[in-house]
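Observations on chain architecture
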Amino acid sequence: VMVDADQPLESSAFAALSLGLVYCGSCNTEVAETIVEVLMVRGTDDTLIRFLCLGLGLLYIGRSDKAEATLEALKVLENKSLQRYCSLTVETCAYVGTGNVLKIQSLLHTCGASACCSTRRY
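Residues numbered from 1 in each chain as written. Predicted model: local features only at pLDDT ≥ 70, side-chain atom pairs only at ≥ 80, totals over all residues. Heavy atoms only, no water.

**Comments concerning the overall build of the protein**
Looking only at helices and strands, the protein features six helices and zero strands. In the protein, the succession of helices and strands from N to C terminus is α-α-α-α-α-α. Taken against the 2.2 N^0.38 rule, which gives 14 Å for 122 residues, the C-alpha radius of gyration of the protein at 14 Å falls within 12% of a compact globule. Sequence separation of at least 24 residues holds for 70% of the intrachain contacts in the protein that already meet a minimum separation of 6. A total of about 7,400 Å² of accessible surface is found on the protein, and carbon and sulfur atoms cover 56% of it. Averaging the locations of the 10 positively and 13 negatively charged side chains of the protein gives two centres separated by 11 Å. (Helix = DSSP H or I, 4+ residues; strand = E, 2+ residues; numbered from the N terminus. Rg over C-alpha atoms; globule rule 2.2 N^0.38 Å. Contact = heavy atoms within 4.5 Å. Areas by Shrake-Rupley, 256 points an atom, 1.4 Å probe, with all protein chains shown as cover. Lys, Arg positive; Asp, Glu negative; His and termini not counted. Charge placed at Lys NZ, Arg CZ, Asp CG, Glu CD.)

**A word on the pattern of salt bridges**
Counted according to the given criterion, the structure contains two salt bridges. Close ionic contact of Glu72 with Lys75 constitutes a salt bridge, the shortest N to O distance being 3.0 Å. Classification of Glu72 by relative accessible area gives partly exposed; the value is 45%. The closest approach of N and O atoms between Glu91 and Lys103, which form a salt bridge, is 2.3 Å. A residue pair is termed long-range when its members are at least 10 positions apart, and Glu91 in helix H5 (residues 80-94) and Lys103 in helix H6 (residues 101-117) qualify at 12 residues. For Lys103, a relative accessible area of 21% translates into the label partly exposed. (Salt bridge = Lys/Arg side-chain N within 4 Å of Asp/Glu carboxyl O. Buried < 20%, exposed > 50% of the residue type's maximum accessible area, 1.4 Å probe, protein only.)

**Topic: the side chain of Arg42**
When you line up the elements, Arg42 lands in helix H2 (residues 29-42). As a buried residue without a salt bridge, Arg42 has its nearest oppositely charged side chain in Glu10, at a separation of 6.9 Å. A polar side-chain atom of Arg42 sits 2.9 Å from the main-chain carbonyl oxygen of Gln7. Within the structure, Arg42 has its side chain in polar contact with the side chain of Ser12 (distance 2.9 Å). Residues within four places of Arg42 in sequence aside, it is in contact with Met2, Asp4, Ala5, Gln7, Pro8, Leu9, Ser12 and Ile49. (Polar contact = N/O pair within 3.5 Å; in protein donor to acceptor, adjacent residues only side chain to side chain.)

**Thoughts on unusual backbone geometry**
Unusually for a residue other than glycine, Cys27 sits at a positive phi of about 55°. Mapped onto the elements, Cys27 comes out in the loop between helix H1 (9-22) and H2. Classification of Cys27 as buried rests on a relative accessible area of 13%.

**Remarks on H2**
Counted at 1.5 Å a residue, the expected span for H2 with its 14 residues is 20 Å, and the 20 Å between its end C-alpha atoms agrees. Residues of H2 that are buried: Val31, Ala32, Ile35, Val36, Val38, Leu39 and Arg42. Buried residues along H2 cover an arc of 160° about the axis, so they all sit on one side. Among the exposed residues of H2, those pointing more than 90 degrees away from its buried face are Thr29, Glu30, Glu33 and Val41. On its buried face, H2 sits against H1, helix H3 (49-58), helix H4 (68-73) and H5. (Expected span 1.5 Å × (residues − 1). Arc of directions from axis to C-beta.)

**Focus on the confidence of the model for the protein**
In the predicted model, the protein carries a mean pLDDT of 87, and 93% of its residues have values of at least 70. Highest mean pLDDT in the protein belongs to H3 (95); lowest belongs to H6 (76). (pLDDT = per-residue confidence, 0-100.)

Take a look at the structure:
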């Protein structure tokens, strides 16, 4: 369902999120490769594409040592804003609960920089 281009993006996005929840923290390479492939093919600015990134990140919850290959694979995405978002999501999920204070401070700094530079919309 996820790689079928004839299916709507909603199906791919929710399938990726479901797989991420089922294989949470397992670093399942088959699922990760499939999600990255879908991101390469269907990498639009659609809001639903974020569920693909979250599904990918969930695969690496607390497994910072295993996320490097996926982070490198994400560098080939043509859409740079999607690349940054997806990399940040995977990296954030990978360092959850690891106790790596310097990395968490770096991620918090990134969040703070994004918050102060963006404009508020009500």
